[in-house]
Amino acid sequence: MTAPAQTRSSADLIRAEEPVLAHNYHPLPVVVSRAEGAWVEDVEGRRYLDMLAGYSALNFGHRHPALIEAAHAQLDRLTLTSRAFHNDKLAGFAERLAALTGLDMVLPMNTGAEAVESGIKVARKWAYEVKGVPADQATIVVAADNFHGRTTTIVSFSTDETARQGFGPFTPGFRIVPYNDLAALEAAIDETTAAVLLEPIQGEAGVLIPDQGYLAGVRELTSRKGCLFIADEIQSGLGRTGRTLAVEHESVVPDLLLLGKALGGGIVPVSAVVARREVLGVLRPGEHGSTFGGNPLAAAVGMAVVELLETGEFQRRAAELGVVLRGGLSALLGKGVLGFRARGLWAGVDIDPAVGTGREISERLMREGVLVKDTHGSTIRLAPPLTITAEELTEALGALEKVLG
Ligand SMILES: *Cc1c(COP(=O)(O)O)cnc(C)c1O
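So, here's what we can say about the structure. These figures come from a predicted structure and were not determined experimentally.

Looking at the ligand, the residues that line it are Thr 111, Gly 112, Ala 113, Phe 147, His 148, Gly 149, Glu 199, Asp 232, Ile 234, Gln 235 and Lys 261. Here an oxygen atom of the ligand and a backbone polar atom of Ala 113 are 2.8 Å apart. Contacts to the ligand include Gln 235, whose side-chain N or O atom sits 2.7 Å from an oxygen atom. Here the ligand loses 81% of its free accessible area of 380 Å² to cover by the protein chains. Of the residues in the shell around the ligand, the class split is 3 nonpolar, 5 polar and 3 charged.

Here is the structure:
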């Protein structure tokens, strides 16, 4: 018999990471060991309200019972086949996801970045085979301040120098235009353009919401010019904004929809390209793939996520609690909050630099039992699980008021 493992303190575990973990993150000094719903608990048993929700990967909260049950049931039957064989979960997941989003076909992948990469490949192939763009000439128009992931091709069209510096040479074929500027977008589209790739709301940039009419304008423009509209809803989608998809606020249906994060229920990485049949139909056997994409565990969890969204309950909660969120933030304007942008249960809050940096505010909130993440210096992002109660949300806003005071 070995002695029970020594319980290690938060401070000890943080110190232990330093020499053995790549330093590509700068986490808050909290070591989480369990969680339920909107709450997480650290190694010492302190409880925190999770106002980040895994960058919206935890839209249904930690360990939602229906999702955990689906995962457990699938773990007891079948976890992986690879796509060399069929599995009995994938057809149902794809049917229901396509129906939920109003599109036809699904390409299952794992991470968000893979969905973006897959969308780029599909759009290029469509450009050559359907639109008739000369070989290797296809372009994709993207927006400044985008965030679409971390692969070499994706950082090739990032405008964040920290994300790019030292990672070249970069993939050609992208044109960058200002976000929320239809004239600039129109000027950048020509006969080589395969697609316009955008976030309907720019999350990492600080929850930047384009003017009303922009997304509908992008849809009209791409249709008129004969190129595809790829909406990256990896963070904005699946209930966060008060609708299933953020593009629904302008009644827009994109040609390709990229989903990830919450699609895996906070349990497994699940992403997807969902598209019209004429577009995704360009892929033939051997041209694209993923060992884990569409695995039965992912499909079972993804199906349970789609079932939760089919009830409409989470979209409704996000819309209703969004009123509480906006009300609470409005009351803080001029009291440490310079401004904010919010849609549904999602806000980017610009903190008065005189009160503290985003990082300092995040650390102070942590000490008050509320976890958030700063972005771009003085902005903090609020994106709690959609299962949070109005009381809990009010508690978090009270903590924000306290640390700003
Ligand atoms: C998180 C995110 C991605 C990348 O997802 P990963 O799973 O981290 O690869 C892509 N696009 C948007 C909009 C995101 O928020």
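Next comes the rest of the description.
Right, let's talk about the nonpolar core for a bit. Judged by nonpolar contacts, the single largest core of 76 residues is most densely connected at Phe 93, Leu 97, Leu 365, Ile 380, Leu 382 and Leu 400. Broken down by element, the residue count for this core peaks at 8 residues, all from helix H11 (residues 296–310). Residues Ala 194, Leu 228, Val 273 and Val 279 belong to the second largest nonpolar core, which totals 30 residues.

Now for the side chain of Asn 110. Along the chain, Asn 110 turns up in the loop between strand S4 (105–109) and helix H5 (112–131). Among the residues examined, Asn 110 registers a relative accessible area of 12% and is labelled buried. Only 3.4 Å separates the side chain of Asn 110 from the backbone nitrogen of Gly 293, close enough to count as a polar contact. Not counting chain neighbours up to four residues away, the residues in contact with Asn 110 comprise Pro 269, Val 270, Ser 271, Ser 290, Phe 292, Gly 293 and Asn 295.

Whenever strands of a sheet pair, they do so through backbone hydrogen bonds, lying parallel or antiparallel. Spatial ordering of the open sheet is given by S11-S12-S15-S14, a layout of 4 strands whose pairing is antiparallel. At either end of the open sheet lies a strand with only one pairing partner, and these are strand S11 (337–342) and strand S14 (373–375). Strand-to-strand twist of the sheet, defined as the mean angle between neighbouring strand axes without regard to direction, takes the value 30°. Direction of pairing for S14 relative to strand S15 (residues 379–382): antiparallel, over a ladder of 3 bridges. Within the sheet, the bridge partner assigned to Lys 373 lies in S15 and is Arg 381.

Right, let's talk about the pairing of strand S7 (residues 193–198) for a bit. Across the 6 residues of S7, 6 count as buried, placing the element largely inside the fold. Relative to S7, strand S5 (residues 139–143) runs parallel, the two being bridged by 4 bridges. The residue bridging Val 141 from the neighbouring strand is Val 196, located in S7. Of the strand pairs in this sheet, S7 and strand S8 (residues 228–232) are connected by 4 bridges, and their pairing is parallel. Bridge pairing links Ala 195 to Leu 228 in S8.

In a regular helix each residue adds 1.5 Å, so 15 residues correspond to 21 Å; H11 covers 20 Å between its end C-alpha atoms and thus fits that length. With respect to burial, H11 is a largely interior element, 13 of its 15 residues being buried. A side-chain oxygen of the first residue of H11 lies 3.1 Å from the backbone nitrogen of Leu 297; this N-cap is Asn 295. Once H11 finishes, Gly 312 follows within two positions and takes phi at roughly 80°, a positive value.

What follows covers the sheet that holds S8. Pairing within the open sheet is mixed, and its 7 strands lie in the order S4-S10-S9-S8-S7-S5-S6. Edge strands, defined here as strands with exactly one partner in the open sheet, are S4 and strand S6 (174–177). Put simply, the sheet's adjacent strands are angled 20° from each other on average, direction ignored. Across the sheet, H5 touches S4, S5, S6, S7, S8, strand S9 (256–259) and strand S10 (271–275), and the angle it forms with S7 is around 155°. Relative to the sheet, helix H9 (residues 214–225) contacts S7 and S8, its axis offset from that of S8 by approximately 150°.

On to the environment of Gln 202. One can find Gln 202 in the loop between S7 and H9. C-alpha of Gln 202 to C-alpha of Asp 232: the two residues are 30 residues apart in sequence and 9.5 Å apart in space. Residues in contact with Gln 202, not counting those within four places in the same chain, are Ala 143, Ala 144, Asp 145, Asn 146, Tyr 179, Val 207 and Leu 208. At a separation of 3.0 Å, a polar atom in the side chain of Gln 202 contacts the main-chain carbonyl oxygen of Ala 144.

What follows concerns the packing of helix H13 (residues 358–367) against helix H14 (residues 390–404). H14 packs onto H13 with a crossing angle of 120° between their chain directions and a minimal axis gap of 9 Å. Between H13 and H14, the angle falls in the class oblique. Between H13 and H14 the crossing geometry is right-handed. Residues Ile 361, Arg 364 and Leu 365 of H13 form the contact with H14, whose own contacting residues are Ala 399, Leu 400, Val 403 and Leu 404. Class assignment for the residues of the contact of H13 with H14 results in 6 nonpolar, no polar and 1 charged.

Analysis parameters
The written sequence of each chain sets the order in which its residues are numbered from 1. For this predicted model, a pLDDT threshold of at least 70 governs which residues receive local features, and a threshold of 80 or more governs which side-chain atom pairs are given and counted, while totals over whole chains, interfaces and linings are taken from all residues. Side-chain numbers here rest on the full set of heavy atoms in the structure, without hydrogens or water. To be near a molecule or strand, a residue needs just one of its heavy atoms within 4 Å of it. Throughout this description, a polar contact denotes any pair of N or O atoms lying within 3.5 Å of each other; where both atoms belong to protein, one of them has to be capable of donating a hydrogen while the other can accept it, and for residues adjacent in sequence the pair is counted only when both atoms sit in side chains. What sets the accessible areas is the Shrake-Rupley method with a 1.4 Å probe; for residues, cover comes only from the shown protein chains. Note on residue categories: nonpolar means Ala, Val, Leu, Ile, Met, Phe, Trp, Tyr, Cys or Pro, charged means Asp, Glu, Lys or Arg, and polar means any other residue, Gly included. Buried Ala, Val, Leu, Ile, Met, Phe, Trp, Tyr and Cys residues form a nonpolar core when they are joined through side-chain atoms within 4.5 Å. Accessible area is worked out with a 1.4 Å probe on protein chains only. A residue is then buried under 20% of its type maximum, exposed over 50%, and partly exposed in between. Helix and strand assignments come from DSSP, with helices taken as H or I runs of at least 4 residues and strands as E runs of at least 2, each series counted from the N terminus. Only heavy atoms matter for contacts: two residues are in contact if any of them lie within 4.5 Å across the pair. Only strands joined by at least two bridges in the DSSP assignment are considered to pair. Each axis is a line fitted through C-alpha atoms, and for a helix only the stretch in contact is used; angles between axes span 0 to 180 degrees, taken between their N-to-C directions. Multiplying one less than the number of residues by 1.5 Å gives the expected span of a helix. The scheme is simple: roughly parallel for angles under 35 degrees, roughly antiparallel for over 145, roughly perpendicular for 65 to 115, oblique for anything else. Should the near helix be turned counterclockwise from the far one by less than a right angle, the crossing is left-handed, whereas a clockwise turn marks it as right-handed.

Remember that the coordinates give geometry; whether it matters functionally is a separate question.
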